[in-house]
Amino acid sequence: NAGVTQTPKFQVLKTGQSMTLQCAQDMNHEYMSWYRQDPGMGLRLIHYSVGAGITDQGEVPNGYNVSRSTTEDFPLRLLSAAPSQTSVYFCASSYTQGPGEAFFGQGTRLTVV
Amino acid sequence: AQSVSQHNHHVILSEAASLELGCNYSYGGTVNLFWYVQYPGQHLQLLLKYFSGDPLVKGIKGFEAEFIKSKFSFNLRKPSVQWSDTAEYFCAVENTGFQKLVFGTGTRLLVSP
């Protein structure tokens, strides 16, 4: 059982580049979310989805887009990377309609230079 | 909006010492409460959760937490810590129906052998 899989694990981008962080879960969870983790700031919610075709903004959505075309996948797109987006990104899913008991991926460490 | 405070940012203990980490949240109503642990270099894992019922909940690895509604608190405790408990601990709160999990800023625990 793979759980929540994130790719890539590490990425370096130049300012202005775009990229997509991938997240997939094989637990048939309806709820999925993206967080960024920064030192001293805990985890902050970027976007979330309560099911296929439904997404909504979290606390820090600017500069990021998401889509949810299937239950399994929830990619996070950085439109034009900025140094302020240097962070560790975690994807999570849960089997309830809300975030509830979240299962986290291994994280993606992104550096924007 | 909900906010979660973890007042201890760094805690250093010797093995066998007792642990208590504070967690307070700002917004009342019906809440689900969680403690997550992040071991060095790893993703977040659920330590314990409270949805309803007995306000004293027990989790994995000998951890427990007590929900005190009147104090908006959900403190984490362990009677005797081990070196392997070295990690970062996050408190998280979900207001039912709000579909968002709000994290505290985390507490780094270092247990010296």
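All residue numbers here refer to positions counted from 1 along the written sequence of the relevant chain. Here every chain gets a letter starting at A, and every ligand a number starting at 1, in the order they are written. Given that this is a predicted model, residues contribute local features only at a pLDDT of at least 70 and side-chain atom pairs are listed and counted only at 80 or more, while totals for whole chains, interfaces and linings are drawn from all residues. Side-chain calculation: all heavy atoms of the structure are included, whereas hydrogens and water are not.

Peer 1: Help me out: how do you make sense of the interface of chain A and chain B in this one?
Peer 2: Interface size, as often reported, equals the accessible area lost upon joining of the parts. On the side of chain B, 17 residues touch chain A, which itself brings 22 residues to the contact. When two parts are put together, the accessible area they lose, computed with a 1.4 Å probe and summed over both, is reported as buried area. For the pair chain A and chain B, the two sides together bury roughly 1600 Å², of which 58% comes from carbon and sulfur. By definition, a salt bridge exists where a carboxyl oxygen of Asp or Glu is found within 4 Å of a side-chain nitrogen of Lys or Arg. Counting across the chain A and chain B interface gives one salt bridge. Between B:K49 and A:E101 there is a salt bridge; the shortest N-O distance is 2.6 Å. N or O atoms closer than or at 3.5 Å make up a polar contact, with two conditions inside protein: a donor-capable atom paired with an acceptor-capable one, and, for residues adjacent in sequence, both atoms drawn from side chains. Taken together, chain A and chain B are joined by four residue pairs in polar contact (both at pLDDT 80 or more). By the convention used here, residues are in contact when the closest approach between their heavy atoms is within 4.5 Å.

Peer 1: Looking at this structure, I do not really get the environment of A:A81. What am I missing?
Peer 2: Residue and element names in this part refer to chain A. Helix and strand definitions follow DSSP, with helices as H or I runs of at least four residues and strands as E runs of at least two, each counted in order from the N terminus. Among the secondary structure elements, A81 is positioned in the loop between strand 8 (76-78) and strand 9 (87-94). The sequence separation of A81 and V50 amounts to 31 residues, and the corresponding C-alpha distance is 26 Å. Sequence-distant contacts of A81, defined by excluding residues within four places in its chain, comprise L13, K14, T15, G16, Q17 and V112.

Peer 1: How should I be thinking about the pairing of strand 1 (residues 4-7) of chain A in this particular structure?
Peer 2: Residues in a regular strand point their side chains to alternate faces of the sheet. All names here are of chain A. Burial along strand 1 is one-sided: V4 and Q6 are buried, and none of T5 and T7, which face the opposite way, are. By definition, two strands form a pair when at least two bridges between them are found by DSSP. Bridge analysis of strand 1 against strand 3 (residues 19-25) gives four bridges, and the strand direction is antiparallel. Looking at strand 3, one finds that V4 is bridged to Q25. The buried label goes to any residue with under 20% of its type's maximum accessible area, the exposed label to any with over 50%, and the partly exposed label to all in between, with areas taken from a 1.4 Å probe on protein chains only.

Peer 1: Could you clarify how one ought to interpret the sheet that holds strand 8 of chain A in this entry?
Peer 2: In a beta sheet, neighbouring strands pair by backbone hydrogen bonds and run either parallel or antiparallel. Residue and element names in this part refer to chain A. In space, the four strands of this open sheet follow the order 1-3-8-7, with antiparallel pairing throughout. The open sheet is flanked by strand 1 and strand 7 (64-66), the only strands paired with a single partner. On average, each strand axis in the sheet is tilted by 20° relative to the strand beside it, whichever way the strands run. Geometry is summarised by axes, namely lines fitted to C-alpha atoms with helices restricted to the contacting stretch, and by angles between N-to-C directions that run from 0 to 180 degrees.

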